[in-house]
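If you want the building blocks of each chain, they are given just below.
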Amino acid sequence: MRDKVVAFVAVFLSIYHLASALFGAPTTRVFLPIHLLTALLLCFLLKPSSPSLGSLGKILDGIFLSACIVLLGWSLSHVDTWDLMSIGLGGLDYAMAVIFVLVIAEAARRTIGYALIVLAIIFGIHALWAPYFPGIFFGAGVSLGSLMTTVVISDAGIYGVPVTIVAQYVVLFLVFGALVQASGVGSFFTKLALALFGAQAGGPAKAAVISSGMFGTLSGSGISNVLTTGSFTIPMMKKAGYPASTAGAVEAASAVGGSLMPPIMGAVAFMMAEFVGVPYATVATAALLPAILYFSAIFFAVHLEAKKSGLGGFDRLHLPSAISVLRRDWYMLTPIAVIIGMIASGYSIILTMNWAIGTLILLSWLRRDTAITPLKFIKCAISAGKLVGGIAATCALAGILIACIDATGISFEISQAMLKLTSGNLIPVLLIGGLLALILGTGLTASAVYITMVATVVPLLQDAGITPLAAHMFAFYFGVISDITPPTALAAVTAASIANANPVRTMMKASALGVGAFFVPFAFIFHPELLMVGDLTEILFAFSSVAMALFLISTGLVGFIGRPLNPVVRAGLILIGAAGIFTTGILCAALITVGLTIVAAVYRWGGRNNPSTKIHNRKSLSPADFQTVFEDSTIKNQAYRMGRIELPEKLFFVLSIFSCGVLYFTNIQNSMWGIWAIFICMLALASLAYIRHYPKEQAPLYSDDQ
């Protein structure tokens, strides 16, 4: 019976938002209460009390379910007089406001645990008794009645920006994401990624990275990404020889990037646009290069790990060509084109999603196996509706937290004290902000971490001179990586369940692979050109510099470049790469040049013919085995092979020539001598790579029978 009620409420919630998007939403005083309280009702249905409570648990569930219905009736009965209650709450209204807060707190506890509740209680106590706190925590304080009015009645509390954004936009994207999964788009992206990279070293892992990045352009959800592409890629990686925890970690780290990859970036991106006060298109454009850098860092690590472990890829003869995959399933790219085109043209998000959903449903009928039938649509509505409950509870509690912080203005006092403590030095401020975000991420979801940082850390960053967009993007990145950082790491736990791996080990490896997510936020603070600020040459210089810095960091962390690296070289590469991110201009270019020269030298004088780079079990994969990847997500009786070892000099040659051009055309005042010096050094490096890689006569590295 409970399952039927859950299905009915979930379908109602999804259809309600779709209808509001198509025909226009009712007034805010009707739209938001129906959204929030129906979502809370669904949350209590999906998360019943612990069985250990016995009959008491059932009684509590009944009380909270009834409270949701009563609160909805109370809210709708005060539609015309809601704003008047901001003057003061009567006895009954005061009691209903208190019950409202308790219901939200309990729903959030069942969804995300106690962390955000504890924060809200701490700041709530401070708001009430601020005159009794010492030092920077001293304040005027507010009465309980005034605080409850701000939290429940005003637009700065429960019905603030987080809940409004979820109601207006996020539910539509959840429905769209469910339809994307049902239409087979995830399988299409996996096939395309395998066609492009499946024959390379670590082909299955690279396919996981690329397919997650492509699917992330439509899903905007790390967990959804894991469930969709991970069901294909994780079994492939395990069969290729990757340990279960590593296979899950690769997919989790890649999938989390789905929330970072435009045009669809999940709930946090819409909140960011609202908080910063810019169009969503501006946020999506600014997020493009950092997202590419994030996936590049994972791709580097996966490639080097495959070389280190001797892991190959599919036999090219048994892989489809990218052209054949596109020829068969080209129409699955149409929703991306619709979203990008309409957002770039300035259309509203709601209208864009209406067209995207309609286009996806219509084109899905081009093939019978991808058609979104009425039954499949209902299942998608149920799937999307179930996700709304936890998100709505978290955002409502975050609204309470923001209201408590704003009531006393404590965030301004904290930011001023931190600036004084750090003497206005930017690096300590950023490190403190990042550390706080990681601590919050141990018990909160991405949305909750971001909202908490908006109320606490973002003002500090802005007071330190960081632009609003960069400060919010910094908080956004650290909020997202909470899905791969222990102890919650929802994406890593999901991937571990698919891989049958140890969740803790998967979390730790996912955090290591996702190192780009830890460095990229600092990169666009020191290189604001990454957010599409500045002219083209400045943007290209910043992008190439940070990309090479991330390559050096990944090389140091993996500890392999043709041969195992000793601890001194590894530490040196990590430090040089990190220094390249934290510096700009001529100094950054010089550091990157030194790092690449070290890597080239290590490979040149020891790594090229190292026996450890040879690949084991180089057998072909039959067409029947390949077909099972997309039938039941398992691969039977297969072995993997790899072609010739791709030499790092290829990468050095391309990046060196590109960097030379960027350095030459970048106008750095009074530094032309430095530009020419780096130009000559990098040209020499490129020449060394070219000559070394293309000798007149070269014996094969290994024969097929080795």
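1. Let's talk about the overall build of the protein chain
The secondary structure content of the protein chain amounts to 31 helices and zero strands. Of all 706 residues assigned to the protein chain, the portion counted as buried reaches 57%. Look at the contacts in the protein chain between residues 6 or more apart in sequence, and 77% of them connect residues 24 or more apart.

2. Let's talk about helix 3 (residues 55–77)
Relative to the 33 Å expected for 23 residues at 1.5 Å per residue, helix 3 spans 33 Å between its end C-alpha atoms, a close match to the ideal helical length. Taken as a whole, helix 3 has its buried residues at Gly57, Asp61, Phe64, Leu65, Ala67, Cys68, Leu71, Trp74 and Ser75. Packed against the buried residues of helix 3 are helix 1 (2–23), helix 2 (28–46), helix 4 (91–112) and helix 6 (144–153).

3. Some details on the side chain of arginine 367
Considering the arrangement of structural elements, one finds arginine 367 in the loop between helix 16 (349–364) and helix 17 (374–408). A relative accessible area of 17% means that arginine 367 is categorised as buried. A polar contact is formed between the side chain of arginine 367 and the side chain of aspartate 329, at a distance of 2.3 Å. In this structure the side chain of arginine 367 is engaged in a polar contact, spanning 3.0 Å, whose partner is the side chain of aspartate 369.

4. So, the packing of helix 6 against helix 17
Between helix 6 and helix 17, the least distance of the axes is 9 Å, while the angle of their chain directions is 135°. As the angle between them shows, helix 6 and helix 17 are arranged oblique. Every pair of crossing elements has a handedness; the one defined by helix 6 and helix 17 is right-handed. Residues Leu147, Thr150 and Val151 of helix 6 form the contact with helix 17, whose participating residues are Ile400, Ala403, Cys404 and Ala407. Grouping the constituent residues of the contact of helix 6 with helix 17 by class yields six nonpolar, one polar and no charged.

5. Some points on the nonpolar core
Core analysis: the biggest nonpolar cluster contains 233 residues, and Leu40, Phe100, Val152, Ile158, Phe176, Met473 and Phe476 have the highest contact counts within it. Ignoring sequence-local partners within four residues, the contact set of methionine 473 consists of Met272, Val283, Ala286, Ala287, Phe524 and Leu531.

6. A closer look at the pattern of salt bridges
Taken as a whole, this structure holds eight salt bridges when the rule is applied. When the shortest N-O distance is used, the salt bridge between arginine 110 and glutamate 106 registers 2.7 Å. Taken together, the positions of arginine 110 and glutamate 106, both in helix 4 and four residues apart, correspond to about one turn of that helix. Across the pair, glutamate 106 and arginine 110 agree in class, each one buried. With its nearest N and O atoms 3.5 Å apart, the salt bridge here joins arginine 328 to aspartate 329. Within this structure, Asp61, Glu106, Arg109 and Arg110 form a network of salt bridges that share partners.

7. Focus on the packing of aromatic side chains
Considering all chains together, one arrives at 22 aromatic pairs under this definition. Aromatic side chains phenylalanine 270 and tyrosine 280 sit 4.5 Å apart centroid to centroid with 10° between the ring planes, which places their arrangement in the stacked category. Taken as a pair, phenylalanine 270 in helix 12 (residues 266–276) and tyrosine 280 in helix 13 (residues 280–309) lie far apart in primary sequence, ten residues in all. Given a relative accessible area of 3%, phenylalanine 270 falls into the buried group. Geometrically, the ring pair formed by phenylalanine 300 and phenylalanine 551 is edge-to-face, given 5.2 Å between the ring centres and 80° between the ring planes. Remark: phenylalanine 551 occurs in helix 26 (residues 536–558) and phenylalanine 300 occurs in helix 13; sequence separation between them is 251 residues. Exposure remark for phenylalanine 551: the relative accessible area of 5% places this residue in the buried category. Ring pairs connect the aromatic residues Phe474, Phe478, Phe522, Phe526 and Phe582, which therefore count as one cluster.

8. Some details on a nonpolar patch on the surface
A cluster of nonpolar residues, Leu53, Leu56, Ile59 and Ile63, forms a patch on the protein surface that exposes about 360 Å² of accessible area. Considering the arrangement of structural elements, one finds isoleucine 63 in helix 3. Here isoleucine 63 falls in the partly exposed class, since its relative accessible area comes to 48%.

9. Side note on unusual backbone geometry
Residues proline 262 and proline 263 are joined by a peptide bond in cis, for which omega reads 10°. Within the secondary structure layout, proline 263 lies in the loop between helix 11 (244–256) and helix 12. Notably, asparagine 500 is not glycine yet its phi reads approximately 55°, a positive angle. Turning to its location among the elements, asparagine 500 is positioned in the loop between helix 23 (490–499) and helix 24 (503–513). Here asparagine 500 falls in the exposed class, since its relative accessible area comes to 66%. Backbone geometry places methionine 532, a non-glycine residue, at a positive phi of 65°. Along the chain, the position of methionine 532 falls in the loop between helix 25 (515–526) and helix 26. In this structure methionine 532 comes out as partly exposed when scored by relative accessible area, which is 33%.

10. Here's the deal with helix 23
Every buried residue belonging to helix 23 is among Ala491, Ala492, Thr494, Ala495, Ala496 and Ala499, and all of these are buried. In this structure, the buried side of helix 23 is in contact with helix 10 (222–240), helix 11 and helix 24.

11. Re the side chain of threonine 233
Within the secondary structure layout, threonine 233 lies in helix 10. Using a relative accessible area of 0% as the deciding quantity, one classes threonine 233 as buried. There is a polar contact of 2.7 Å between the side chain of threonine 233 and the side chain of glutamate 251. Apart from the residues lying within four places of it in its own chain, the contact partners of threonine 233 are Thr190, Ala207, Ala208, Ser211 and Glu251.

12. Focus on the confidence of the model for the protein chain
Per-residue pLDDT for the protein chain averages 80, and the proportion of residues at 70 or more is 84%. Ranking the elements of the protein chain by mean pLDDT puts helix 30 (residues 648–665) last with 45 and helix 2 first with 94. Every residue in residues 628–676 scores below 50 in pLDDT, and together they form 127 contacts with partners more than four places removed in sequence or on other chains. Confidence drops under a pLDDT of 50 for residues 685–706, and excluding neighbours within four residues, the segment shows 35 contacts in the predicted structure.

13. Some points on the environment of tyrosine 280
Taking relative accessible area as the criterion, tyrosine 280 reaches 6% and is therefore assigned buried. Not counting residues up to four positions away in its chain, the partners in contact with tyrosine 280 are Pro263, Ile264, Met265, Ala269, Phe270, Ala273, Ile343 and Ile349. In this structure the side chain of tyrosine 280 is engaged in a polar contact, spanning 2.4 Å, whose partner is the backbone oxygen of proline 263.

14. What about the environment of glycine 258?
As for its position among the elements, glycine 258 is in the loop between helix 11 and helix 12. Residue glycine 258 is classed as buried on the basis of its relative accessible area, which comes to 0%. Each C-alpha atom, one on glycine 258 and one on phenylalanine 295, is 9.7 Å from the other, the two residues being 37 residues apart in sequence.

Conventions adopted
Residues numbered from 1 in each chain as written. Predicted model: local features only at pLDDT ≥ 70, side-chain atom pairs only at ≥ 80, totals over all residues. Heavy atoms only, no water. Helix = DSSP H or I, 4+ residues; strand = E, 2+ residues; numbered from the N terminus. Buried < 20%, exposed > 50% of the residue type's maximum accessible area, 1.4 Å probe, protein only. Contact = heavy atoms within 4.5 Å. Expected span 1.5 Å × (residues − 1). Polar contact = N/O pair within 3.5 Å; in protein donor to acceptor, adjacent residues only side chain to side chain. Axes fitted to C-alpha atoms, helices over the stretch in contact; angles between N-to-C directions. Parallel < 35°, antiparallel > 145°, perpendicular 65-115°, else oblique. Left-handed = near helix turned anticlockwise from the far one by under 90°. Nonpolar A, V, L, I, M, F, W, Y, C, P; charged D, E, K, R; others polar. Core = buried A, V, L, I, M, F, W, Y, C linked by side-chain atoms within 4.5 Å. Salt bridge = Lys/Arg side-chain N within 4 Å of Asp/Glu carboxyl O. Phe/Tyr/Trp six-rings, centres within 6.5 Å; stacked < 30°, edge-to-face > 60°. Patch = residues over 30% accessible without salt bridge, like charges linked within 9 Å, V, L, I, M, F, W, Y side chains within 5 Å. Areas by Shrake-Rupley, 256 points an atom, 1.4 Å probe, with all protein chains shown as cover. pLDDT = per-residue confidence, 0-100.

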